[in-house]
Amino acid sequence: MRLSQYFFTTLREDPADAEIASHRLMIRAGLIRKAAAGIYTYMPLGQRAVMKVSQIVREEMERAGALEVGLPIVQPAELWFRTGRWYAYGPEMWRLNDRHGRQYALGPTHEEIITDLVAGEVKSWRQLPFTLFQIQLKYRDEVRPRFGVMRAREFLMKDAYSFDRDPEGMEASYWTMYHAYQRIFARVGLTFGAVEADSGAIGGSHTHEFMAYADYGEASLVVCPACGYAANVERATSSPRFQSLYPGEGEAPLTRIPTPGVRTIDDLVAFSGVPKDHTAKILFYEVTFAVPEGERTELVAALVRGDAELNEVKLLNALPGALRATLASREAVLSATGAPFGSAGPVGLRGVYRILADEEIARGKNFAVGANEEDWHYLNANMGRDFTADAVVDLRLVGAGDRCPKCGEALQARRGIEVGQVFQLGTLYSEKLGAYFLDQDGQQKPIWMGCYGIGVTRTVAAAIEQSHDEKGIIWPYSIAPYHAIVVPLHNEDPSLMATAEGIYREMGRLGVEVLLDDRDERAGVKFSDADLMGFPLRVTVGERSLREGQVEIFHRHTGQVEKVPVEKAASHAAEIVKRELEKLSRRADEEVLPEGARLAADERA
Ligand code: ATP
Ligand code: MG
């Protein structure tokens, strides 16, 4: 394509609302334009990058044996009622009515619709297993759409669903998709890792998130430098530290002491001299639960050590049917329990729906806690003797420096962009939606499912986040909208233009995706646009080097410049592109599964 005829505009200035590099650069390089909050138009350059990622995803899905389908975006509410997710999904689900007043949702994900489909089609074990996928727009009315297409309200997702006869089959399908994801992100050129994760609104048990590592990434992760354990902090645990919790310490007598003005844990430590790991704090949440008639809100108290932070995801997981939790107000706590805010504690606490205690509280001893009366605390409160809880669960937010649950090494903190997630769903959806099959033994059994998502548009943004400089994008060869741009420096020189055109045509003939910057612009403008748009190769055709029969090939990734004879320019560029694409494919071939994981193909061969 000729740039003079291309539909694009580059911007010199950063857009005011763009906080991160990928968002700024996608706007400035003319890849996307905003239509509404979290809703974007993909311009020709942006669309090509999206299509490149889609194509890699499609190839790897097919290589893994998955079949492509096209499911409807508009989904009847009735299916979502049957799984209970019409309410559970909350305000993120985009709902609409038809002219008859019937309710629908714009698909945020497709478990319901595909399980219903499969329930109607599959009768016998002979039809299993199989995996279906699609690449389609998804709709989520995010609370805070931001970072451009990274957290959008309309975005492109690859979603896949596997259907198996038994748990072993489901696991094999899961690892097959996991491996396909490793290959996909390797081919895209990302620096990434798979981490243990929370299963969130989808449900199910076993799940990994694929994270593109990036400083600004929205996800907080912990990784173990020694054994490779990696987890989203929403999920991360740190158990072995309990084993040596206060060894040899006995229970001391409960003592009520005056603590004038003490409101926080730090006040309490300063006033009483009790070490922080011998204090406990109580946090009150208004928790909303799904009930058949809609929603119900209850006050829940959570008890964690004074030096710990509470993990709200773990809190929600510990409360069956809980949809969301927000910190309760001072007034709500006082009116329900009679306890003033900074003085609440577990001893004699009344008026809450449920008290949850962190494992550290159950295993620890002699905590200083609030006495539910202003300016009074207890010393040496012990669970079981002085107070009880409705449940003891892991509630602690694990962070850097905590011990790895697998090997005990100090964990390190990292940030990541979630580009994909794989789940083992079990029979959760098949039972609710009636997806059963007749097994070889004549028994009716529910189908074992898995589901697998990749944020296609987010992956494009993540690649830019990982690969850019102050001048612009630096595209990995595999997803660059074009591999190269040919830049003639003097449009008014007909023989120079003819040389540039010749190289451009020859490159195209050799399979290089190439643009010709034939615009009537200064060299400086052409160079800065090429840098901004980030094509991996730039072939510069200038007067001076032409006098020696040469052109310059500029490598965007390394900044290196090669002088190449005119007649070799196209073939040399084509070789570079081929070599770089092969490098990324080899990277995919080097990806290995975690120990113990097996592929469905091995199983079924
Ligand atoms: P997040 O935690 O980032 O909100 P999620 O866990 O809700 O994502 P999934 O349901 O696992 O998302 O969806 C599969 C993939 O779709 C995600 O891994 C992510 O790459 C992508 N994705 C999810 N939400 C968005 C969004 N709002 N904008 C762009 N991509 C998204
Ligand atoms: Mg996810």
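Structural data are supplied above this passage.
Read on for an overview of the structure. Note that the structure is a prediction, hence the values are computed from the model and not measured.

Calculation rules
- Residues numbered from 1 in each chain as written.
- Chains lettered and ligands numbered in written order.
- Predicted model: local features only at pLDDT ≥ 70, side-chain atom pairs only at ≥ 80, totals over all residues.
- Heavy atoms only, no water.
- Phe/Tyr/Trp six-rings, centres within 6.5 Å; stacked < 30°, edge-to-face > 60°.
- Lys NZ or Arg CZ within 6 Å of the ring centre and 35° of its normal.
- Helix = DSSP H or I, 4+ residues; strand = E, 2+ residues; numbered from the N terminus.
- Expected span 1.5 Å × (residues − 1).
- Buried < 20%, exposed > 50% of the residue type's maximum accessible area, 1.4 Å probe, protein only.
- Axes fitted to C-alpha atoms, helices over the stretch in contact; angles between N-to-C directions.
- Parallel < 35°, antiparallel > 145°, perpendicular 65-115°, else oblique.
- Left-handed = near helix turned anticlockwise from the far one by under 90°.
- Contact = heavy atoms within 4.5 Å.
- Nonpolar A, V, L, I, M, F, W, Y, C, P; charged D, E, K, R; others polar.
- Core = buried A, V, L, I, M, F, W, Y, C linked by side-chain atoms within 4.5 Å.
- Donors = N, O, S within 2.8 Å, 3.2 Å for Na, K, Ca; no water.
- Near = heavy atom within 4 Å.
- Polar contact = N/O pair within 3.5 Å; in protein donor to acceptor, adjacent residues only side chain to side chain.
- Areas by Shrake-Rupley, 256 points an atom, 1.4 Å probe, with all protein chains shown as cover.
- Pairing = 2+ DSSP bridges.
- Salt bridge = Lys/Arg side-chain N within 4 Å of Asp/Glu carboxyl O.

**Here's the deal with the packing of aromatic side chains**
Phase 1: Per the counting criterion, the structure on display carries 19 aromatic pairs.
Phase 2: Here the aromatic residues Tyr 174, Trp 175, Tyr 178, Tyr 181, Phe 185, Phe 192, Phe 210 and Tyr 452 are joined through ring pairs into a cluster of three or more.
Phase 3: One Lys or Arg, Arg 414, reaches over the ring of Tyr 213 and ends 3.8 Å from the middle of that ring.
Phase 4: In this structure, Arg 538 packs its charged tip against the face of Phe 527, placed 3.9 Å from the ring centre.

**Points about helix H2 (residues 44-63)**
Phase 1: Between its first and last C-alpha atoms H2 spans 28 Å; for 20 residues at 1.5 Å apiece the expected length is 28 Å, and the two agree.
Phase 2: Taken as a whole, H2 has its buried residues at Leu 45, Gly 46, Ala 49, Val 50, Lys 52, Val 53, Ser 54, Ile 56, Val 57, Glu 60 and Met 61.
Phase 3: Looking one or two residues beyond H2, the residue adopting positive phi is Gly 65, at roughly 90°.

**Structural notes on the packing of helix H6 (residues 167-188) against helix H16 (residues 566-589)**
Between two packed helices, what matters for the description is the angle formed by their axes and the separation of those axes.
Phase 1: Viewed as axis vectors pointing N to C, H6 and H16 meet at an angle of 155°, and their least axial separation amounts to 8 Å. Looking at the two axes, H6 sits roughly antiparallel to H16. Considering the relative orientation of H6 and H16, their crossing is right-handed. On H16, the residues that touch Arg 183, Phe 185, Ala 186 and Arg 187 of H6 are Leu 584, Ser 585, Arg 587, Ala 588 and Asp 589.
Phase 2: Of the residues contributing to the contact of H6 with H16, the split by class is four nonpolar, one polar and four charged.

**Description of the packing of helix H1 (residues 21-28) against helix H12 (residues 456-466)**
Phase 1: Two elements in contact, H1 and H12, have axes whose closest approach is 8 Å; the angle formed by their N-to-C orientations is 105°. Considered as vectors, H1 and H12 are oriented roughly perpendicular to each other. For the pair H1 and H12, the contacting residues are Ala 21, Ser 22, Leu 25 and Met 26 in the first and Val 460, Ala 461, Ile 464 and Glu 465 in the second.

**Here we look at the nonpolar core**
Phase 1: The biggest cluster of nonpolar side chains holds 67 residues, and the ones touching the most others in it are Leu 31, Met 61, Tyr 181, Ile 184, Phe 185 and Trp 475.
Phase 2: Of the residues forming this core, the biggest block, ten residues, is contributed by H6.
Phase 3: If near-sequence neighbours (up to four positions away) are discounted, Trp 475 is found in contact with Leu 31, Ala 49, Val 460, Ile 464, Ala 480, Pro 481, Met 533, Gly 534, Phe 535, Pro 536 and His 557.

**Observations concerning the coordination of the magnesium ion (ligand 2)**
Phase 1: The magnesium ion (ligand 2) binds to the protein through Glu 418 (OE) and Gln 421 (OE1); the donor distances cover 1.9 to 2.2 Å.
Phase 2: Overall, Gln 421 belongs to the buried group, its relative accessible area being 10%.

**As for the site of ligand 1**
Phase 1: The environment of ligand 1 is made up of 14 residues, and the closest members are Arg 140, Glu 142, Arg 151, Ala 152 and Glu 418.
Phase 2: Within the contact set of ligand 1, an oxygen atom lies 3.4 Å away from a backbone nitrogen or oxygen of Gly 420.
Phase 3: For ligand 1, whose accessible area on its own is 590 Å², the fraction buried by protein is 85%.
Phase 4: Of all elements in the fold, only strand S8 (154-164) and strand S21 (412-426) reach the threshold of two or more residues within the shell around ligand 1.
Phase 5: Considering each element in turn, the shell around ligand 1 owes the most residues, four residues, to S21.
Phase 6: Partitioning the shell around ligand 1 into residue classes produces six nonpolar, three polar and five charged.

**Concerning the pairing of strand S1 (residues 32-36)**
Phase 1: As paired elements, S1 and strand S2 (residues 39-42) share four bridges and run antiparallel to each other. The residue bridging Ala 36 from the neighbouring strand is Ile 39, located in S2.
Phase 2: In this structure, the hairpin formed by S1 and S2 is closed by a connection of two residues, where Gly 38 is found at a positive phi of approximately 70°.

**A closer look at the sheet that holds strand S18 (residues 367-370)**
Phase 1: Across the sheet, which stays open at both edges, the three strands sit in the order S13-S19-S18 with antiparallel pairing between neighbours. Single-partner strands in this sheet number two, and they are strand S13 (255-258) and S18. Neighbouring strand axes in the sheet, compared pairwise and without regard to direction, differ in orientation by 30° on average.

**Observations regarding the environment of Ile 447**
Phase 1: Of note, Ile 447 is situated in the loop between strand S23 (444-446) and strand S24 (448-455).
Phase 2: Note: C-alpha distance between Ile 447 and Val 525 (78 residues apart in sequence) is 59 Å.
Phase 3: Aside from chain neighbours lying at most four places away, what touches Ile 447 is Val 118, Val 122, Leu 128, Phe 163, Asp 164, Gly 426, Thr 427, Ser 430, Ala 435, Tyr 436 and Phe 437.

**Remarks on the pattern of salt bridges**
Phase 1: A complete count under the given rule lists 49 salt bridges for this structure.
Phase 2: Residues Lys 138 and Asp 159 are paired through a salt bridge, measuring 3.1 Å at the closest nitrogen-oxygen approach. One end of the pair, Lys 138, is in strand S7 (residues 130-139); the other, Asp 159, is in strand S8, with 21 residues separating them in the sequence.
Phase 3: Here Glu 374 and Arg 263 are joined by a salt bridge, their closest N and O atoms 3.6 Å apart. Pair noted here: Glu 374 is in the loop between S18 and strand S19 (376-381) and Arg 263 is in the loop between S13 and helix H7 (265-272), with a separation of 111 residues, a long-range link.
Phase 4: Since its relative accessible area comes to 34%, Arg 263 is described here as partly exposed.
Phase 5: When salt bridges that share partners are traced, they join Glu 59, Glu 60, Arg 183, Arg 187 and Asp 589 into one network.

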